Amino acid sequence: MNWHNLTTDEVYDATESSPLGLTSKNAEEKLTLVGPNELQEGRKKSAASILLAQFKDVMILVLLAAAIISGIVGDLKDTIVILIIVVLNAVVGFIQEYRAEKAMQALKQMAAMQAKTLRDGKLTWLSASSLVPGDIVLLEAGDSIPADIRISESVNLKVEEAALTGESEAVEKISEVLETEKLSPGDKKNIAFKGTYVTYGRGKGIVVATGMQTELGRIAKLLQEKETLTPLQQRLASFGKKLSIIVAFICIVFFIAGWLRGEDPLKMVLTSISLAVAAIPEALPAVITISLALAAKRLIRHNTLIRKLPAVETLGSVTYICTDKTGTLTKNKMYVEEVFAGNSLYSRKNLIEHLHDDHEADLLLHAFAMNNDAVEDENNNLKGDSTETALMEVAREHNISAKVLPRITEIAFDSNRKLMTTFHKYNDRVIAFTKGAPDVILERCYNIDKTEISLQIDKMAANGSRVLGFAYRYWDAVPAKPSSEEHETGLHFLGLAGIIDPPREEVFDAVRQCKSAGIIPVMITGDHPLTAKTIAERIGIISSADDVVVTGRELAALNDDDFELKVEKIKVYARVSPEQKLQIVKMLQKKGHFVSMTGDGVNDAPSLKKANIGIAMGITGTDVSKEAAHMILLDDNFSTIIRAVKEGRRIYDNILKFIKFLMTTNSSEILTLLLGPLIGLPVALLPIHILWINLVSDGVPAISLSFEKAEKDVMNRPPRPPQQSVFAEGRGLHMIWVGTLMAGIALCLQAWSIRNGLHWQTMVFNFLCLAQFAHVLAIRSGKDSFFQVGLFSNKVLIIGIMVSIALQTVITFVPYFQPIFETEALTFSEFIIVGASASLIFIAVEIEKLIARRKSMLG
């Protein structure tokens, strides 16, 4: 129901109430019918369900299947090793993600605990949870709003709604009927919403919605939307499915071919398992999880807290950053930016230069301080309405205090006349300062060019400022009964103040870097469209005539097809509801974009959760927004996002290097195992060898790759296309040709070793291990030579390779480990032959990069 369109009497009728409130009996009946005034929680994730979710990955399931089959046929060593890897991977993921769904609890904490209510015609304090539609609630400064309330009486009542609507100023509430039917929450001036709080004045109202029927409740429902998979999760899921199909096909073909040749079926089962183990990069899930955890740890040093691990790399694929205005792009603090006095417009910075020459400019500053209800606390911090504290700050900068001219009497502000007047002793006379809406001030002034000043007002308003007018008048004595009709007329115009919630200083450069990185910033706010457009133009979000500003009302009038056509041109959304914020995120995702949403308010929470990556503000952010987000900016600094994007792109580049590295190894193992028997050679590797290569020889260097520095052009290139495969940009081709080269060298080495009576199996095993180390050194950069990158630019990788070589030496030469790993001690000459063969891989990949660089220069 559109409660804002109804009169107070109509609201009483609709809620079966009266000015005396409900009777206790009626209230109990209603409570039974509508339920308690609480937010219902969605289905919670238990610790067990979070742990089990770690095993849903396709590659993990294939690994578990291989472990079970190995156990059934009696090879327990492989089973134990695989299970250890799977469990370790699950534990790392569980520790990072074990955070109960706290969004609903945080919403509950926002609700008022007690409410001053009329029941049975008597004033009483009730638990907010027992309120029902029709209850009469009394409100005063400092109170939390316990339910959605239609205001029936307002005495200068102002409510802080920034967390719910994005409105940066406290909103003045009225009791009058609003004619427009469809309004956003921020425009419903006669409704006070659950979860907001009173900053000034007092009032009374009728409860019209409780629990999940409130605006806060609607947001709670939106929060229960299913979360979106990250780019990495989507790509790895697709990769895992394709890989499992290929592995199954290869194993079946291999088994059938052996069976038709008359091979022992049990031997063929074991060899097929070896193939499956060789094809699956066992280390990949653990390497990615550990690398993301390390990146998350690094990001904390840059004031970014990662709540959900895959969010680290998601930043590398983000194409849109949809940002809230209030508190994110702006300071969430009102600021007097310009002052018009003595027919001149001054910026705040140069105002002081004209004070000594302009008496009225000086008098205007006194008006800022005297006609002001802001107060100083014991630490000299200003408390009160945000507009009044902004005015007082300007006065304080010029050493003017309200104590200079103590207030004698006043005509209080009210929303009907839009004026406030205070009286003060001044040079043996009384001076009255009047503040209010500039158009109303002009009507009460004389002897001025009203047309010229009206143009000035329009000009300041067009800059996005909230404009206040000031005037004064001298009196011979203090009025006995000051009244607006007598004492707010015949005024002398003083000037105007332009007040705005200004952009953060660091935002300008952050937006510029966003655009240079191919990321499109979009402002989504509950604030006024003119204010939003002004801020967007200042910081560079709007930079061309094609950039569009759309209001919530205009958005509601668009059907899905029209919105889909326009969505990529819209750079500012103003006066939008939480549902519309969610709609914007969904439409951009429908267009194939990966969307980041930043925000700090309750109204941002549903879209934060739905976005590919939700970014909450750590200082000003509500608990609700933090719990819904994937990551939190600990310093509330928009530019911190850019550092996080750079880290995200770096880690995703490195993840692609992991996959390139690990899958090249696996393709070499598959080809070695498949082609060997076809050319009359025995099976080159045992399952324990394959596991060692995949987990130790591959795993340690792969994790070390996560410390690789960012490529030079990481922030001067567009985001990776969301649909781009992990095999794109030549990675798939590299995996095939380098894997084939490794397998070819391994088989030649095997045949030559057998012919010469050498330790052929241990030589092939060691060659494949050392070949991985040569390969990982060559692929540290996708373009630059190893010698350009530098040997020690990633010391962790060099240490990792040295550790892996040491472990390889131990299992090859220490007698205790030889029966476990089926190895034999190599002679010095055998080891040199193995090392020389492995170095061919490094040389081949360096030649590949050299050819690519020359092509790029010619292109």
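Check the entry above for the structure.
Residues numbered from 1 in each chain as written. Predicted model: local features only at pLDDT ≥ 70, side-chain atom pairs only at ≥ 80, totals over all residues. Heavy atoms only, no water.

Concerning the packing of helix α27 (residues 687-697) against helix α30 (residues 760-778)
Move 1: Between α27 and α30, the shortest axis-to-axis distance is 10 Å and the interhelical angle comes to 20 degrees. Relative to α30, the element α27 is oriented roughly parallel. The way α27 lies across α30 gives a crossing that is right-handed. Along its contact with α27, which presents H689, W692, I693 and S697, the element α30 presents Q761, F765, L768, C769, Q772 and F773.
Move 2: Of the residues assigned to the contact of α27 with α30, the class counts are six nonpolar, four polar and no charged. (Axes fitted to C-alpha atoms, helices over the stretch in contact; angles between N-to-C directions. Helix = DSSP H or I, 4+ residues; strand = E, 2+ residues; numbered from the N terminus. Parallel < 35°, antiparallel > 145°, perpendicular 65-115°, else oblique. Left-handed = near helix turned anticlockwise from the far one by under 90°. Contact = heavy atoms within 4.5 Å. Nonpolar A, V, L, I, M, F, W, Y, C, P; charged D, E, K, R; others polar.)

Things to note about the sheet that holds strand β23 (residues 613-617)
Move 1: A sheet is described by the order of its strands in space; here eight strands give the open sequence β8-β24-β23-β22-β9-β19-β21-β20, paired in mixed fashion. Each end of this open sheet is capped by a strand with a single partner; those strands are β8 (304-306) and β20 (548-551). Strand-to-strand twist in this sheet, taken as the mean axis angle between neighbours without regard to direction, amounts to 20 degrees.
Move 2: Contacting β19 (520-524), β20 and β21 (570-574), helix α20 (residues 529-539) crosses the sheet at an angle of about 145 degrees to β21. (Pairing = 2+ DSSP bridges.)

Some thoughts on the pairing of strand β18 (residues 492-500)
Move 1: Most of β18 sits out of view: eight of its nine residues are buried.
Move 2: Where strand β10 (residues 335-341) meets β18, six bridges bridge the pair, whose relative direction is antiparallel. Bridging across to β18, V339 finds its partner in A497.
Move 3: As paired strands, strand β17 (residues 466-475) and β18 are joined by seven bridges and run antiparallel to one another. Residue pairing across strands places G469 opposite L496, the latter belonging to β18. (Buried < 20%, exposed > 50% of the residue type's maximum accessible area, 1.4 Å probe, protein only.)

Side note on the layout of surface pockets
Move 1: In this structure, the second largest pocket occupies an estimated 1400 Å³ of space.
Move 2: As for the second largest pocket, its lining consists of 45 residues, and the residues nearest its centre are E169, E172, R466, V467 and L468.
Move 3: Considering only residue class, the lining of the second largest pocket consists of 17 nonpolar, eleven polar and 17 charged. (1 Å grid on protein atoms, 1.4 Å probe; cavity = no way out; pocket = protein on both sides within 12 Å on 5 of 7 lines; lining within 4 Å. Points joined across faces, edges and corners; volume = space filled by probe spheres on them.)

Things to note about the sheet that holds strand β11 (residues 344-347)
Move 1: One open sheet accounts for seven strands, arranged β11-β10-β18-β17-β16-β15-β14; its pairing is antiparallel. Strands at the two margins of the open sheet, each flanked by one partner only, are β11 and β14 (407-414). When strand polarity is set aside, the average angle formed by the axes of neighbouring strands in this sheet is 20 degrees.
Move 2: Of the strand pairs in this sheet, β14 and strand β15 (residues 419-426) are connected by five bridges, and their pairing is antiparallel. Following the sheet pairing, R407 is matched in β15 by H424.
Move 3: Here helix α17 (residues 450-462) sits on the sheet and contacts β10, β11, β17 and β18; the angle it forms with β18, its principal contact strand, is near 10 degrees.

Side note on a nonpolar patch on the surface
Move 1: A cluster of nonpolar side chains, namely I252, I256, W259 and L260, defines an oily patch on the protein surface of about 460 Å² accessible area.
Move 2: Tracing the backbone shows L260 in helix α9 (residues 231-260).
Move 3: According to the relative accessible area criterion, L260 is exposed, its value standing at 65%. (Patch = residues over 30% accessible without salt bridge, like charges linked within 9 Å, V, L, I, M, F, W, Y side chains within 5 Å. Areas by Shrake-Rupley, 256 points an atom, 1.4 Å probe, with all protein chains shown as cover. Salt bridge = Lys/Arg side-chain N within 4 Å of Asp/Glu carboxyl O.)

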